[in-house]
Number of protein chains: 2
Amino acid sequence: MKMELEQILPGEIERRSFEIITEELGGKIFPEGQEDIIKRVIHTTADFEYADTMTFSPDAVSSALGALTDRGNTVIVTDTNMTRSGIHKASLEKLGIEAVCYMADPDVAEEAKREGTTRAAASMKKAADMAQKTGKQIIFSVGNAPTALIAIEELIREGCVHPALVIGVPVGFVNVVQAKERIMTVDVPYIVAKGRKGGSTVAAAILNALLYKIDKER
Amino acid sequence: MKMELEQILPGEIERRSFEIITEELGGKIFPEGQEDIIKRVIHTTADFEYADTMTFSPDAVSSALGALTDRGNTVIVTDTNMTRSGIHKASLEKLGIEAVCYMADPDVAEEAKREGTTRAAASMKKAADMAQKTGKQIIFSVGNAPTALIAIEELIREGCVHPALVIGVPVGFVNVVQAKERIMTVDVPYIVAKGRKGGSTVAAAILNALLYKIDKER
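As recorded in an unreviewed UniProt entry, chain A goes by Precorrin-8X methylmutase and comes from Sellimonas catena. Quoted verbatim from the Sequence similarities (unreviewed entry) heading of the UniProt record, the comment on chain A is "Belongs to the CobH/CbiC family." Heading Pathway (unreviewed entry) of the UniProt record for chain A holds this comment: "Cofactor biosynthesis; adenosylcobalamin biosynthesis."

Residues and elements named next belong to chain A. Tracing the backbone through its elements, the reader meets T55 in strand β1 (residues 54–56). Among the polar contacts listed, one links the side chain of T55 to the backbone oxygen of T53, at a separation of 2.9 Å. Setting aside chain neighbours within four positions, we find T55 in contact with M184, Y190, I191, V192 and K194.

Taken residue by residue, the interface counts 47 residues in chain A and 47 residues in chain B. Buried area between chain A and chain B, summed over both chains or domains, comes out near 3800 Å², and the portion from carbon and sulfur atoms is 68%. On the chain A side of the contact with chain B, M82, F173 and V174 of chain A bury the most area, a combined 19% of that side's loss. Our count for the chain A to chain B interface comes out at four salt bridges. Linking chain A with chain B are eight residue pairs in polar contact (both at pLDDT 80 or more), by the criterion used here. Mapped onto the side of chain A that touches chain B, the elements with two or more residues apiece are α1 (13–25), α2 (35–45), α5 (81–86), α9 (146–157), α10 (176–183) and α11 (200–217) of chain A. Ranked by residues supplied to the side of chain A that touches chain B, first place goes to α1 of chain A with six residues. For the side of chain A that touches chain B, the residue count by class is 19 nonpolar, 18 polar and ten charged.

Rules used in this analysis
- Residues numbered from 1 in each chain as written.
- Chains lettered and ligands numbered in written order.
- Predicted model: local features only at pLDDT ≥ 70, side-chain atom pairs only at ≥ 80, totals over all residues.
- Heavy atoms only, no water.
- UniProt positions renumbered as here; feature names shortened; annotations may be inferred.
- Helix = DSSP H or I, 4+ residues; strand = E, 2+ residues; numbered from the N terminus.
- Polar contact = N/O pair within 3.5 Å; in protein donor to acceptor, adjacent residues only side chain to side chain.
- Contact = heavy atoms within 4.5 Å.
- Buried area = accessible area lost by both parts, 1.4 Å probe.
- Salt bridge = Lys/Arg side-chain N within 4 Å of Asp/Glu carboxyl O.
- Nonpolar A, V, L, I, M, F, W, Y, C, P; charged D, E, K, R; others polar.

Right under this line is the structure:
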């Protein structure tokens, strides 16, 4: 049992954590633009499986960065308030990007009931309607509900929405693997964690890694 | 590649997920009161490692349930706003229990700077002060910062706080394993996920499992 604390300054903890992650990845090479995102997901989960399961469409990072620097024209839509509250607020404000979650909206609950679907699916439909009305582009972030990811896939296939990025990292046991495999067959920029794992913290980590890329380059 | 969706009603997804978890646990037996909590953590993470790493002090569940049904006298203190926003609001309201996170408070940032510590540690100190002033009991929930867990351990040893429960599930690479091992040496009710893994969603899942226990019994 390791009980002795490592003496380290508060500001050094994150840097040291990423050093350990890099060491334990043992020289594994990632495609350009993906390494910092994958490492941040591992930092958030302490789970090295993500080094093998994280899957990017070729245009995912460039499309996301384009949208995130398109001040006032992009909205991040999450499927949980947890993810929304985990996004780095100062970076969002600096870029003039809004993050919304419609899951707790009364009209979403009504629509879900009427359509016999989940609130998660109905909230994605509401986002697509918002994008059509306002002309804004969407970054979808799904960290919880596979039904949200399935709804996005259908909305894209029907031509109802053209997201700048779909983050597909729902977690769970029913239709999660399938929803992830399906979104990767659609012509859309995506970042997906294959398999059952994912979650609201993973979704927030991917969004923050993208935001920190922009901070770094400026 | 499994692409065919399982046809299932929205209200059935959680029940079916827990069935799959039970099947895959293959008859593993957990001590009384722990099974639903551990299964909810697995449901939240799709990670069966928690079946082996979740560790409870003998009094953890009974002490937590006592505090959560002590209307108006208990405050849940989290180390992230993500966990706070992941707690089932309707259950909290029904029980008259408040959940707070002091991480973003300006006085916490100042105190951390002055003391050369983290905001997470300073926010736990603020909670202990609040408990002393108000006479309220605390359920601490640490899903992110090991420094918060270390601060709680010191506050308990100094007699500054007597929590009804410490949920110790920070995630990461620096002092995480140590902080968890140390809190388990203190005389306090605890629920800990040994090892590096944990997170804000795990902390929220444990709190929600405790809240649902009460809902079920009423």
